[in-house]
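Structural overview for review
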Amino acid sequence: MTLHTSHPDIIKRLKRAAGHLKSTIQMLEDEKPCLDIAQQLHAVEKAITNAKRTLIHDHLDHCLETVLHTDHLEQDGALSEFKTITKYL
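Quick caveat, the model's predicted, so the values are computed rather than measured.

**Digging into the packing of helix α1 (residues 7–29) against helix α2 (residues 34–67)**
Relative orientation of the contacting elements α1 and α2 amounts to 160°, with a least axis distance of 9 Å. If you check the angle between α1 and α2, you find them roughly antiparallel. Relative to α2, α1 is oriented so that their crossing is left-handed. The segment α1 lies against α2, with H7, D9, I10, R13, L14, A17, H20, L21, S23, T24, M27 and L28 engaging D36, I37, Q40, L41, A43, V44, A47, I48, N50, A51, T54 and L55. Among the residues forming the contact of α1 with α2, the class breakdown is 14 nonpolar, seven polar and three charged.

**Quick word on α1**
Spanning 23 residues, α1 covers 33 Å between terminal C-alpha atoms, matching the ideal 33 Å at 1.5 Å per step. Every buried residue of α1 is listed here: H7, I10, A17, T24 and M27. Those residues of α1 that are buried are in contact with α2. Looking one or two residues beyond α1, the residue adopting positive phi is E31, at roughly 55°.

**Brief notes about the environment of D36**
Following the sequence through the fold, D36 ends up in helix α2. Residues D36 and L14, spaced 22 residues apart in sequence, show a C-alpha to C-alpha distance of 21 Å.

**As for the side chain of D58**
Within the secondary structure, D58 sits in helix α2. No salt bridge is formed by the buried D58. Its closest oppositely charged neighbour is R13, at 11 Å. Polar side-chain contacts of D58 include one of 3.0 Å to the side chain of S6. If we skip the residues at most four places from it in the chain, D58 touches H4, T5 and S6.

**A few points about α2**
The first and last C-alpha atoms of α2 sit 48 Å apart over 34 residues, in line with the 50 Å expected at 1.5 Å per residue. Here α2 has its buried residues at I37, Q40, V44, A47, A51, I56, D58, H59, L60 and V67.

Each value, and the rule that gives it
Residues numbered from 1 in each chain as written. Predicted model: local features only at pLDDT ≥ 70, side-chain atom pairs only at ≥ 80, totals over all residues. Heavy atoms only, no water. Axes fitted to C-alpha atoms, helices over the stretch in contact; angles between N-to-C directions. Helix = DSSP H or I, 4+ residues; strand = E, 2+ residues; numbered from the N terminus. Parallel < 35°, antiparallel > 145°, perpendicular 65-115°, else oblique. Left-handed = near helix turned anticlockwise from the far one by under 90°. Contact = heavy atoms within 4.5 Å. Nonpolar A, V, L, I, M, F, W, Y, C, P; charged D, E, K, R; others polar. Expected span 1.5 Å × (residues − 1). Buried < 20%, exposed > 50% of the residue type's maximum accessible area, 1.4 Å probe, protein only. Lys, Arg positive; Asp, Glu negative; His and termini not counted. Salt bridge = Lys/Arg side-chain N within 4 Å of Asp/Glu carboxyl O. Polar contact = N/O pair within 3.5 Å; in protein donor to acceptor, adjacent residues only side chain to side chain.

Here it is in structure tokens:
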């Protein structure tokens, strides 16, 4: 398995999301205002959504390019994988 070029960026995004989530937990424990907690949760959600979208788009770009240079049987498998992964967008 090769590392996609976007993986380092995705790792950074997920670490950022982990930091936001840790802050959110602390805010709940410290009984911070709900508005502040909701904003922090929104930041967690957005960071994860962006990481997922980047991963899927990079995977699709990588796989579609690879599939163009493979035989018909492998193309069928790649098409099936394409259909499956797009459910997560």
